[in-house]
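Structural overview
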Amino acid sequence: MNLVAFLDGELADDALGQRLEEKVAQSVSVRKEVQALEKTWGMLDWLPHPELPVDFASQTVTRIHSQQLRAEMIEGQFKYWTTVTARAIAWAACVAAMVVAGFASLRYAWRDPTRELINHLEIVENLETYLAIPDVKFLDDISRINMFKEPGEVTAETPASEESAGAAPAPQGPSGQPTATPAPK
Amino acid sequence: MATADSPSKESLIVDPDARLMVQVKQGDESAFEELVEKYQNRVLAVLYNAIGSREEAEDLTQDVFLRVFRARHGYQPAAKFSTWIFTITNNLAMNARRSRKHRRTVAIEARDSGPLGARPQEQLVQAAGPTASGQLQSSEVAEMVREAVAKLDPRQRMAVLLNKFEDLGYAEIAQIMDTTPTAIKSLLSRARTNLREMLEPYLDVI
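Reading the values: rules and limits
- Once a new chain begins, its residue numbering starts again from 1 and follows that chain's sequence as written.
- By the order in which they are written, chains take letters starting at A while ligands take numbers starting at 1.
- With pLDDT at 70 or above as the cut-off, local features in this predicted model cover only qualifying residues; side-chain atom pairs require 80 or more to be listed or tallied, and sums for whole chains, interfaces and linings still use all residues.
- Each side-chain value is derived from all of the structure's non-hydrogen atoms; neither hydrogens nor water enter the calculation.
- Helix and strand labels come from DSSP, where a helix needs a run of H or I of at least four residues and a strand needs a run of E of at least two; each type is numbered from the N terminus.
- The rule is simple: take the accessible area with a 1.4 Å probe, protein chains only, and divide by the maximum for that residue type; under 20% is buried, over 50% is exposed, in between is partly exposed.
- Whether two residues touch is decided by their heavy atoms; if any such pair falls within 4.5 Å, the residues are in contact.
- Throughout, the Shrake-Rupley method with a 1.4 Å probe supplies accessible areas, and for residues the shown protein chains are the sole cover considered.
- The definition of a nonpolar core used throughout is a set of buried Ala, Val, Leu, Ile, Met, Phe, Trp, Tyr and Cys residues joined through side-chain atoms within 4.5 Å.
- Domain boundaries shown here were taken from an automatic or database domain assignment.
- Once two parts are put together, the accessible area they lose, assessed with a 1.4 Å probe and summed over both, is termed the buried area.
- Think of a salt bridge as a Lys or Arg side-chain nitrogen and an Asp or Glu carboxyl oxygen that are within 4 Å of each other.
- Polar contacts here mean pairs of N or O atoms no more than 3.5 Å apart (in protein, one a potential hydrogen donor and the other a potential acceptor; neighbouring residues in sequence count only if both atoms are side-chain atoms).
- Helix axes are fitted only over the stretch in contact, all axes being lines through C-alpha atoms; the angle between N-to-C directions runs from 0 to 180 degrees.
- Geometric relationships in this document are graded by angle, where less than 35 degrees denotes roughly parallel, more than 145 denotes roughly antiparallel, 65 to 115 denotes roughly perpendicular, and other angles denote oblique.
- In this count, Pro and Cys sit with the nonpolar residues alongside Ala, Val, Leu, Ile, Met, Phe, Trp and Tyr, while Asp, Glu, Lys and Arg are called charged and the others, Gly among them, polar.
- As a per-residue measure, pLDDT tells how confident the predictor is, with possible values from 0 to 100.
- Expected helix span is taken as 1.5 Å per residue step, with the number of steps being one fewer than the number of residues.

1. Quick word on the overall build of chain B
On a plain count of helices and strands, chain B comes out with 11 helices and 0 strands. Starting at the N terminus and walking to the C terminus, you meet the elements of chain B as α-α-α-α-α-α-α-α-α-α-α. Within the span of chain B, comprising 206 residues, buried residues form 49% of the whole. For chain B, the proportion of contacts with a sequence separation of at least 24, taken over those separated by at least 6, is 59%. Accessible area of chain B: about 9,900 Å², with a carbon and sulfur share of 50%.

2. Some points on the nonpolar core
Residues and elements named next belong to chain B. With 81 residues, the main nonpolar core has Phe-32, Phe-81, Ile-85 and Met-177 as its most contacted residues. Of all the elements, helix H3 (residues 29-51) adds the most residues to this core, at 13 residues. Residue assignment places this core across two domains, with domain 1 (14-99) and domain 2 (117-203) each supplying three or more. If near-sequence neighbours (up to four positions away) are discounted, Phe-81 is found in contact with Asp-15, Asp-17, Ala-18, Met-21, Leu-35, Tyr-39, Val-68 and Tyr-75.

3. As for the interface of chain A and chain B
The interface is formed by 38 residues belonging to chain A together with 47 residues belonging to chain B. Taken together, the two surfaces of chain A and chain B that pack against each other cover about 4,000 Å², and 68% of this comes from carbon and sulfur. Broken down residue by residue, the surface that chain A buries against chain B is led by Trp-41, Met-43 and Trp-46 of chain A, which jointly contribute 17%. Here Arg-63 of chain A ties to Asp-63 of chain B by a salt bridge, and the two come within 3.8 Å at their closest N and O atoms. Applying the counting rule to chain A against chain B returns 14 residue pairs in polar contact (both at pLDDT 80 or more). Counting only elements with at least two residues in the side of chain A that touches chain B, the list comes to helix H1 (2-7), helix H3 (28-43) and helix H4 (56-109) of chain A. Broken down by element, the side of chain A that touches chain B gets its largest block of residues, 11 residues, from H4 of chain A.

4. Quick notes on the packing of helix H2 (residues 14-26) of chain A against H3 of chain A
Residues and elements named next belong to chain A. Across the interface, H2 lies against H3 with an axial gap of 5 Å and an inter-helix angle of 105°. Accordingly, the angle class assigned to the pair H2 and H3 is roughly perpendicular. Every residue of H3 that contacts H2 at Lys-23, Val-24, Ala-25 and Gln-26 is listed here: Val-28, Val-30, Arg-31 and Val-34. Of the residues in the contact of H2 with H3, the class split is 5 nonpolar, 1 polar and 2 charged.

5. So, the confidence of the model for chain A
Parts of the prediction with low pLDDT should not have their coordinates interpreted in detail. Residues and elements named next belong to chain A. Summary statistics for chain A give a mean pLDDT of 79 and a share of 79% for residues scoring 70 or more. No element of chain A has a lower mean pLDDT than helix H9 (residues 160-164), at 44, and none a higher one than H3, at 92. Note that residues 158-185 has pLDDT below 50 and, in this model, 25 contacts with residues that lie over four places away or in other chains.

6. Examining the environment of Arg-63 of chain A
Looking at the secondary structure, you find Arg-63 of chain A in helix H4. If near-sequence neighbours (up to four positions away) are discounted, Arg-63 of chain A is found in contact with Gln-62, Asp-63 and Leu-66 of chain B.

7. A short note on helix H4 (residues 54-70) of chain B
Over its 17 residues, H4 of chain B runs 24 Å from end to end, which matches the ideal 24 Å to within 8%, given 1.5 Å per residue. Those residues of H4 of chain B not exposed but buried are Ala-57, Leu-60, Thr-61, Gln-62, Val-64, Phe-65, Leu-66, Val-68 and Phe-69 of chain B. Looking at the buried side of H4 of chain B, the elements it contacts are H4 of chain A together with helix H2 (16-25), H3 and helix H5 (81-99) of chain B.

8. Remarks on the side chain of Glu-172 of chain B
Residue and element names in this part refer to chain B. Examined against the element boundaries, Glu-172 turns out to sit in helix H10 (residues 170-176). A polar contact of 3.3 Å, which involves the side chain of Glu-172, links it to the side chain of Lys-80. Once residues within four sequence positions are removed from consideration, Glu-172 is found in contact with Lys-80, Ser-82 and Thr-83.

9. A short note on the side chain of Asn-49 of chain B
Relative to the helices and strands, Asn-49 of chain B is located in helix H3. Using a relative accessible area of 8% as the deciding quantity, one classes Asn-49 of chain B as buried. Aside from chain neighbours lying at most four places away, what touches Asn-49 of chain B is Leu-47 and Pro-48 of chain A together with Arg-157, Leu-161 and Phe-165 of chain B.

10. Focus on helix H11 (residues 181-199) of chain B
Taking 1.5 Å of rise per residue, the 19 residues of H11 of chain B would be expected to cover 27 Å, and the 26 Å separating its terminal C-alpha atoms lies within 8% of that figure. Those residues of H11 of chain B lying buried are Ile-184, Lys-185, Ser-186, Leu-187, Leu-188, Ser-189, Ala-191, Arg-192, Leu-195, Arg-196, Met-198 and Leu-199 of chain B.

Now the structure itself:
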């Protein structure tokens, strides 16, 4: 390793260089080795040195220009389509936002006139009956004397044993809850 | 690290090629053309002898200069321009070698290393056969040397080519090949020993 570096003048150690120099001078085999190395190194001068055409430089510059042009075109197309897509997305987002806002404001502002009727349907249906009743005490009184009790009807005062003896179920309102029996007109 | 974007700093750069490259960086296209003209055959010689295919070496040479141009904005003349361009050259040669490694391995296996294939030295003898008794033709010598160099390990080959063709020192080759000067010393020593072994039989007949 040091012999090649010595021949290349790349030995950093001067003392080692001195020793190698002496060895080359004294030893025939080392001298032969050095000569063989130098000769084979010299043979590398036979390696081909191909040359490029004289217009290679201008060809290269032309290629650079065409690449730059192509890159600019691609960049331009990319920019154009990016802008178009961004605009389309922005418009779509605006339209969607307006639709949502319109729907929300309409829903908030518009009150369904039938909703209240539906919520109080039972009262509306029996309104005339309720108006005929003077007060709650009257209702309590008629309830206590079982004045309007149907045969087999279960009331709050009916014992559980009576209830089980073939009584019909109490009438139910739309919500499934038992309803108060309206008083006769 | 010195920067050289202004003309006053540019004058401080010792390497004339680095100065040209700074001009390229500043947009001077003629400076780039001058650099191409100056280095085109040097780069081609290294690539051709490193790869072995003239056509591929020419394409890669152009790629080297395209890369130089593309990298012009980031160029800093901290090192010699030649070190920089041959670093690019070495990288491209390595990439090219890697990309065709499989194909090449198959070809070499079929021809050289099987039980029926000739050994490198035998091949050289066969190549020299017709005129071994007399003086070898110069084309035959060139072919023998070319084949001997082609037999070297790719890294050894690149170190040899940079050392021989570009007369670069170990430190510079180490920088180009991204290794240490000691590793280059070892690479070159092995390369030259291998070359001596392969070419020694022909030293006397040349």
